[in-house]
Each structure stands twice: as structure tokens, then as C-alpha cells.
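Summary of the model geometry
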Amino acid sequence: MKKSFLIGIPVRDFENPMSRLSEVLSKDQRISLSKSLLLNLVDVFQDENNDIYVVSNNPKVKEFCNDHSINNIETGENGLNEEIKKFINENRTYKNWTIVHSDLPYLTKHFARVWITLCTSKDIVIAASKDHGTPIFGGSKFFNDFLYGKNSFNKHINKLQKQNTEYERIFHKEFTFEIDDAEDYLEFLRHKPRWYKKK
């Protein structure tokens, strides 16, 4: 049976991930955390209706995905926006879609189901991180003008408004809290999710 929900998880690399945490974590610790976050995200979104793909051209990410039976798509494009645009363009037959960053530590199976329900019932749903990034973005309406990078949330909202596309902003911490810097990591340690095991 053809699955109807497309999930893309962009991952840059496993050589020097989460570089803004270098003052509190060693490179090996950051790599381990990055991999653990990705495995949790794949786990919470697993469902018979969902196709999950890690979007990355990085050989170490590809190897990790192969080792853990995770679908990996190499677009051959340079830069996150071009990678995601190609990924979406090549998978337009799905009814619903989402792009989700891999550093959302508080997503659970319950909130993954909440997000999927929102995506299937709305044109576009979107969340903003504390630095106005776009950690999770999806819906039932085709969109392919991705503007990831500095202040991406506001750029995406401006694009949606110009296109007269209805959207709903989601404020739950599970969809907005990313481990981006040392302050976030300390917050994460104070409120460890169940899946996390300190290495």
C-alpha cells in the first residue's frame, strides 16, 4: 500500500555536528548526541502511513542510516535549501509532508501523532525556535520555497503570506525547543527526556 505521509530529516554531517556546543561537549560527545537525537526522531515518527527519509549527502550519515535501516536520500545538491527543494520535488505524490530538524529532543510518539494530525488537516503548520529558525514545517499543501538559515521562520511566513497560503503556527515546546547552544544543552540536562541515556 502506498504511504501517504512524507517525512524528511535533513542531517548535515557526523564529522562536526552541533558545533555551537563545542564549549560544553567534545566532538565525540556531539556526534553521539546527534546520532541519538536522530534515532529518537525516526522512532517517534514510525508509522505504517509514513515514509521517513534522512536527507544528506554525507558518507558517514549514509553509513549510519544503512547500519540502522533508515532510508537515506542523497540529492547531490549543495546547501540545505537546495537539498530540501529537490527532495520535495522528487516526492510530490504524497498527500502530506513535513521537514523536521533532527535536534528536537522532546518529540515523543504522542506529539509526533499530534503533528501528523495537524499536517493532514491544515494547509501548512509551522513552528519557530528561539532564534527564529524553522525546526518543523509541514502540511497538506505543496510548498517548495524553503529559506532555511538565519531568521528562516519569518522568511517562510513572509513567503506563505505572499502566496496567500493559510498557515497555523504551533507553540508547543516539543516542536520549538532545539539543542542549538550551550544554554539549550544545560536546559536539556535539567529536563532529560526518557529516551536519553548519558554516554
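Examining the nonpolar core
- Core analysis: the biggest nonpolar cluster contains 30 residues, and Ile9, Phe45, Val100, Leu107 and Trp115 have the highest contact counts within it.
- Secondary structure elements with two or more residues in this core: β1 (5-10), α1 (27-45), β2 (50-55), α2 (59-67), α4 (109-121) and β5 (124-127).
- For Ile9, the residues in contact, after removing those within four places along its chain, are Leu38, Leu41, Val42, Ile52, Tyr53, Val54, Val55, Val100 and Ser102.
- Judged by nonpolar contacts, the second largest core, of 20 residues, contains Val55, Phe137, Phe143 and Phe146.

As for the side chain of Asp103
- Tracing the backbone through its elements, the reader meets Asp103 in the loop between β4 (96-100) and α4.
- Buried charge without a salt bridge: Asp103, with Arg20 as the nearest opposite-charge side chain at an N-O distance of 6.8 Å.
- Once residues lying within four places of it in the same chain are set aside, the contact partners of Asp103 are Met18, Leu37, Phe177, Glu178, Ile179 and Asp180.

Section: the packing of aromatic side chains
- Tallied over the full model, the rule gives 16 aromatic pairs.
- Every member of this aromatic cluster is reached through a ring pair, and the members are Tyr106, Phe177, Tyr185, Phe188, Trp195 and Tyr196.
- Lying across the ring of Phe142, Arg92 places its NZ or CZ 3.6 Å from the centre.
- Above the face of the Phe177 ring, Lys173 is positioned so that its terminal group lies 5.3 Å from the ring centre.

Reading the values: the criteria
Residues numbered from 1 in each chain as written. Predicted model: local features only at pLDDT ≥ 70, side-chain atom pairs only at ≥ 80, totals over all residues. Heavy atoms only, no water. Core = buried A, V, L, I, M, F, W, Y, C linked by side-chain atoms within 4.5 Å. Buried < 20%, exposed > 50% of the residue type's maximum accessible area, 1.4 Å probe, protein only. Helix = DSSP H or I, 4+ residues; strand = E, 2+ residues; numbered from the N terminus. Contact = heavy atoms within 4.5 Å. Lys, Arg positive; Asp, Glu negative; His and termini not counted. Salt bridge = Lys/Arg side-chain N within 4 Å of Asp/Glu carboxyl O. Phe/Tyr/Trp six-rings, centres within 6.5 Å; stacked < 30°, edge-to-face > 60°. Lys NZ or Arg CZ within 6 Å of the ring centre and 35° of its normal.

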